[in-house]
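Residue-level structure breakdown
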Amino acid sequence: MRKTAVLTTLVLAFTLLLAQAACAELTKLADNVYSYVGSNDASPGHSFAANAGIVIGKEGVLVIDTLISAKEGQRFLADIRKVTDKPIRYVVNTHTHLDHALGNCVFAKLGATVISHEADRTYLAANGAGLLQRAANYGLKPEDMAGTEIALPTLAFSNEMLLDLGGEEVRLMRAAPSHTAGSLVVYLPAKKILFAGDILFTDFHPFLADGDFTGWIRTIDALLAMDVDKVVPGHGPLSGKKDLRDMKEYIQLFDKKATELAAQTSDADAISAELLKTLPKRTMAEWMVSYNVKSRYLAKK
Ligand SMILES: [Zn+2]
């Protein structure tokens, strides 16, 4: 009897641990600033473990990225409501890849103004409907995407934008094309906090298919020169400047090695296997490296 009770408790504790570990949590980084990180469920339905965040001003809340679907956006909104009941005034998309922007509809319906860089607004306007139609290609099930609609940014900029949330100054900045043409960072100068979106992947192999490597390196150099203590990556745990330097090295190493290998063979699996021997150990190696090789180095063969 006692043994059964102990076992039941253990199973319950383990189940709770698993349930907790799977979801992101709003974590306070400074007064009024929270990151939504910590998901270790990188499945498509759980936004490939994409991160998000919020900044709370006197006038309302700024939401940074909205995850992959209405369902994920709702989960995020429910967690936001645990820390603030202020109106959601703005959403900013660090870029408009599906795992960062398809939850926009949840917040747009509440009256939030959705903001992005103009290049990524153009990308979502051209590809949004297709992303929804081809959701299965990304491993998404119909129930994952139920109720998801494309909510385009209604405000876009080209270089830099200042948002005054009332007592919280937020700068949206884009130095050059990087992870996408319009990938931007959200910078809180007074708190030395940076939301880098997918310009930074920490512990995850990055998605490189839409990247501009020259601009990406320039962008990372610009971020390294900024007064920053904490960096929230697009995927992975809370990071810092060391992780930005690692990201720069990763891109340079990947490009050099993949270019060399693609000159010798068109076998994507062979190139990926060889690359993985040199690249740092990171999550999602199974398909991300091979996808990056196929999309960038073998596409014309
Ligand atoms: Zn992305």
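Residues numbered from 1 in each chain as written. Predicted model: local features only at pLDDT ≥ 70, side-chain atom pairs only at ≥ 80, totals over all residues. Heavy atoms only, no water.

**Quick look at the packing of helix 9 (residues 268-278) against helix 10 (residues 285-297)**
Look at helix 9 against helix 10: their axes get within 9 Å of each other, and the N-to-C directions meet at 120 degrees. The angle between helix 9 and helix 10 places the two elements in the oblique class. Classified by chirality, the crossing of helix 10 by helix 9 is right-handed. Two secondary-structure elements touch here, helix 9 through Ala268, Ile271, Ser272, Leu275 and Leu276 and helix 10 through Ala285, Val289, Ser290, Val293 and Lys294. (Axes fitted to C-alpha atoms, helices over the stretch in contact; angles between N-to-C directions. Helix = DSSP H or I, 4+ residues; strand = E, 2+ residues; numbered from the N terminus. Parallel < 35°, antiparallel > 145°, perpendicular 65-115°, else oblique. Left-handed = near helix turned anticlockwise from the far one by under 90°. Contact = heavy atoms within 4.5 Å.)

**Details of the UniProt feature "domain: Metallo-beta-lactamase" (unreviewed entry) in the protein chain**
According to UniProt, the "domain: Metallo-beta-lactamase" (unreviewed entry) feature falls on residues 49-235. Secondary structure within residues 49-235 divides into 28% helix and 27% strand; the distance between the first and last C-alpha atoms comes to 6 Å. (UniProt positions renumbered as here; feature names shortened; annotations may be inferred.)

**Quick look at the layout of surface pockets**
To find leftover empty space, a probe the size of one water molecule is rolled over the atoms. Roughly 460 Å³ of volume is contained in the largest pocket. In terms of lining residues, the largest pocket is bounded by 18 residues, among which Leu98, Tyr138, Phe207, Trp287 and Tyr291 are the most central. Secondary-structure elements contributing two or more residues to the lining of the largest pocket are helix 3 (98-101), helix 5 (118-133), strand 11 (193-201) and helix 10. At 3 residues, helix 10 tops the list of elements feeding residues into the lining of the largest pocket. Here the lining of the largest pocket is composed, by residue class, of 11 nonpolar, 4 polar and 3 charged. (1 Å grid on protein atoms, 1.4 Å probe; cavity = no way out; pocket = protein on both sides within 12 Å on 5 of 7 lines; lining within 4 Å. Points joined across faces, edges and corners; volume = space filled by probe spheres on them. Nonpolar A, V, L, I, M, F, W, Y, C, P; charged D, E, K, R; others polar.)

**Regarding the coordination of the zinc ion**
Ideal donor angles around a metal are set by the shape: a four-donor tetrahedron calls for 109.5 degrees, a six-donor octahedron for 90 or 180 degrees. Summarising the metal site, the zinc ion is bound by the protein donors His95 (NE2), His97 (ND1), His179 (NE2) and Asp198 (OD), whose distances to it range over 2.2 to 2.3 Å. The site at the zinc ion holds 4 donor atoms, and with the angles between them running 86 to 176 degrees, its shape is irregular. All donors of the zinc ion come from a single chain, and their spacing in sequence reads H-x1-H-x81-H-x18-D. Note that His95 is positioned in the loop between strand 5 (88-92) and helix 3 and His179 in the loop between strand 9 (169-173) and strand 10 (185-188), a separation of 84 residues in sequence. Taken as a pair, His95 and His179 share a single burial class, namely buried. (Donors = N, O, S within 2.8 Å, 3.2 Å for Na, K, Ca; no water. Tetrahedral: all angles 85-135°; square planar, octahedral: opposite > 155°, others 65-115°. Buried < 20%, exposed > 50% of the residue type's maximum accessible area, 1.4 Å probe, protein only.)

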